[in-house]
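# A closer look at the structure
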Amino acid sequence: MDSLKLLPLLHYPPSSLSLPPPTFPSLLKTKTRYANFRSFSANLPAAADGPFAFDDQTSRHKDDRALVLARETDDFGYLVGFRLLPDSGLEELMKVSHAEDITEEGSVFSSDEVGKPEIDGIDAEGAETIVLRSIVFVTAEAAPYSKTGGLADVCGSLPIALAARGHRVMVVTPRYIHGTSEDLMFAAAVDLDRPTKLFCFEGVQEVGFYHEFREGVDWVFVDHPSFQRPGNPYGDKFGTFGDNQFRFTLLCHAACEAPLVLPLGGFTYGENCLFLVNDWHASLVPVLLAAKYRPHGVYKDARSILVIHNIAHQGVEPAITYSNLGLPPEWYGALGWVFPTWARTHALDTGEAVNFLKGAIVTADRIVTVSKGYSWEITTGEGGCGLHELLSSRKSILNGITNGIDVTEWDPSCDKYIACNYSADDLSGKAECKISLQKELGLPVRPDCPMIGFIGRLDYQKGIDLIRLAMPELMEADVQFVMLGSGNPVYEDWMRATESAYKDKYRGWVGFNVPISHKITAGCDILLMPSAFEPCGLNQLYAMRYGTIPVVHETGGLRDTVHNFNPYTEAESTGWTFSPLTKESMLAALRYAIQTYNDHKCSWEGLMRRGMTKDYTWVNAATQYEEVINWAFTDPPYC
Ligand SMILES: Nc1ncnc2c1ncn2[C@@H]1O[C@H](COP(=O)(O)OP(=O)(O)O[C@H]2O[C@H](CO)[C@@H](O)[C@H](O)[C@H]2O)[C@@H](O)[C@H]1O
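Since the model is a prediction, treat every value here as computed from it, not as a measurement.

## A few points about the overall build of the chain
- On a plain count of helices and strands, the chain comes out with 20 helices and 29 strands.
- Scored against the burial criterion, the 639 residues of the chain give a buried share of 57%.
- Summarising the internal contacts of the chain: among those between residues at least 6 apart in sequence, 71% fall at separations of at least 24.
- Accessible surface for the chain amounts to roughly 26,100 Å². Of this, 55% is attributable to carbon and sulfur atoms.

Okay, here's the thing in structure tokens:
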């Protein structure tokens, strides 16, 4: 057996080791079983670079040469080493570990169950097998460390969901220091003291790495002076930062080095990892793997998946900046992009540019979007923002996986930001939340008046123009309306002006404020999302979980997640969807919702309860990501 090839690993210092991905039987069983393991046995693999199967007693007896190792962990669950395990020790260990294994139904596994052999990915009882991977998320933002929108929510939750299923997960993101209290989010991260030189922008850039192990995930923060300035991750009060291409090029280079150089818990992630790169900021990673590393034999067995949260942002810069990216000249074609004539700004403009997102689309092993509907939309001329033809050409590896939500942060029964907790079984607290919100906003306290909310970036995407157009008519109805958002200064000024015009009915809260977003979600009756396009949308999911009924434009993830109210098929309905994207159709949907709220309490409560009891956890999405990851490893690297 090739397993013996791994023997020398035992003698290397831990920092030079990388953990190959183990396989582990049974989905539900695995979750608790793996989490409970303080130490477990490993049966080294049949192939030197293949997965490393956890030992089961059957296989051990089958092959006496198999090396049985006990894995030793410290108090934080990190590997601190292996030790050879005598047979008797193994028996003891398995007994102890199994006694701790509780199924979701509360039953205890017997050692016999654990010892069942696996057959082609399915154990003898037909339970699912999870192939455990080393997964590296690369993202410009991850909650709670940094957040401007939904990308942060996803990259703050999905890694934890995948880690809970047994994968080894690292998130690489910048260590933003803005000079505000938000910087305290990084307080628990320690400097790994691994200064690393990166070659880009015609020089050597040195980055540092900070690390925090939390909720089973290695959170790795890239430290560089360019991430330390007032504002948010992308800009400040003067607009978008001019050096974002530089900053996110650094992030990508650093992310490629992290699995090779960082001994997290004593072991690097190694070369056989899966990079999950999010949006344009991380899009250089698949190109770097193909153009910079693989020609030198590094990352030959790594794979990459591009996750598109928003195709409207592509990271486009003048073509001349290509030479700064640390890529060989012959790879220009991967990023090269030519604007159509109508989009050129002056007579001498040749339209030539580099496009980061395009680079990932043509080099990643697979592409995922954050809902099924959006995965189709981006292959159309209307939704692809110029990349639809390329995406269509890669349709066979393009999937949509609808986001989950963090059901711990967004839970009306224990939300610390809201005035009164409530649940689907006892909705009375929601009325309290509404009264408290009205008081806080200085609106007339009217529990029976339908209250509409909006939360989001003040951006064309979110349909602010439609709200602006409809506002005079909407304000004629007996409603209250509260908006929370920041972004385009024109929209911010409009919100302030609207508040002055409709003092008794409208409030516009300009800014980014998480506690207020929870209060609005809990206190309102209706959440309005007239997004022009919406790759997934999270606010409608939060709203439904809080018994707040979404009224949404029928697009992307909104179409996938909100089911239009129909009195004859109420059992399916969770809100209102409207199309086309016009003021008239939005107002019609709102009128219908308001009428139902006023006159059909029973239907309204049904809508609330259905939304509140749906499953929004990340488990479902994480399982689908696992499947796509497995497909990525089934095929050879795309380039
Ligand atoms: N002013 C404010 N104060 C406090 N909180 C605020 C806020 N404005 C927005 N938020 C919060 O930011 C998040 C925004 O979520 P969205 O789904 O609207 O994401 P966004 O469009 O940024 O991201 C993209 O990525 C996500 C994730 O994949 C997709 O769901 C989405 O369709 C896509 O456009 C929510 O948690 C919301 O509560």
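## Considerations on the UniProt feature "domain: Glycosyl transferase family" (unreviewed entry) in the chain
- Sequence positions flagged by UniProt for "domain: Glycosyl transferase family" (unreviewed entry) are, in local numbering, residues 448-596.
- For residues 448-596, helix accounts for 41% and strand for 19%, while the C-alpha atoms at its two ends are 13 Å apart.

## Structural notes on the sheet that holds strand β27 (residues 526-529)
- Reading across the sheet, the six strands line up as β26-β25-β24-β27-β28-β29 and stay open at both edges, with parallel pairing between neighbours. The sheet is open, and its two edges are formed by β26 (506-510) and β29 (576-578), each paired on a single side. Here the average twist between neighbouring strands, direction ignored, is 15 degrees.
- Across four bridges, β27 lies against strand β28 (residues 549-553) in parallel orientation. Its bridge partner lying in β28, M529 is registered against V552.
- Those strands touched by helix α14 (residues 489-501) are β25 (480-485) and β26, and its axis lies near 150 degrees from that of β26.
- Docked against the sheet, helix α15 (residues 514-523) engages β24 (451-455), β25 and β26, running at close to 145 degrees with respect to β24.

## Remarks on the site of the ligand
- The full set close to the ligand counts 29 residues, and D153, H309, R457, K462 and E534 are the nearest of them.
- Within the backbone of G511, one N or O atom sits 2.8 Å away from a nitrogen atom of the ligand.
- Between the ligand and P535 there is a distance of 3.4 Å, counted from an oxygen atom to a backbone nitrogen or oxygen.
- The set of elements that each furnish at least two residues to the shell around the ligand consists of α5 (150-164), β25, α15 and α16 (539-545).
- With four residues, α5 is the single largest residue contributor to the shell around the ligand.
- Considered class by class, the residues forming the shell around the ligand number 11 nonpolar, 13 polar and five charged.

About the criteria used
The numbers attached to residues start from 1 for each chain and follow its sequence in the written order. Restriction of local features to residues with pLDDT of at least 70 applies here, the model being predicted, together with a cutoff of 80 or more for giving and counting side-chain atom pairs; totals for whole chains, interfaces and linings are based on all residues. Just so you know, side-chain values use all the structure's heavy atoms and leave hydrogens and water out. Segments assigned H or I by DSSP are reported as helices when at least four residues long, segments assigned E as strands when at least two residues long, and all are numbered from the N terminus. Each residue's exposure class comes from its accessible area (1.4 Å probe, protein chains only) as a fraction of the maximum for that residue type: buried when under 20%, exposed when over 50%, partly exposed otherwise. Pairs of residues are marked as contacts when any of their non-hydrogen atoms sit within 4.5 Å. Surface exposure here means Shrake-Rupley accessible area, sampled with a 1.4 Å probe, where a residue is shielded only by the protein chains that are shown. UniProt positions are given in the numbering used here, feature names are shortened, and annotations may be inferred rather than shown by experiment. DSSP calls a pair of strands paired once it identifies at least 2 bridges connecting them. Lines fitted to C-alpha atoms define the axes, with helix axes restricted to the stretch in contact, and inter-axis angles between N-to-C directions lie between 0 and 180 degrees. A single heavy atom is enough: if one lies within 4 Å of a molecule or strand, its residue is considered near that molecule or strand. Pairs of N or O atoms within 3.5 Å make up the polar contacts considered here, provided that, within protein, one atom can donate a hydrogen while the other can accept it, and that residues adjacent in sequence are counted only when both atoms are side-chain atoms. Classes in brief: Ala, Val, Leu, Ile, Met, Phe, Trp, Tyr, Cys and Pro nonpolar; Asp, Glu, Lys and Arg charged; the others, Gly included, polar.

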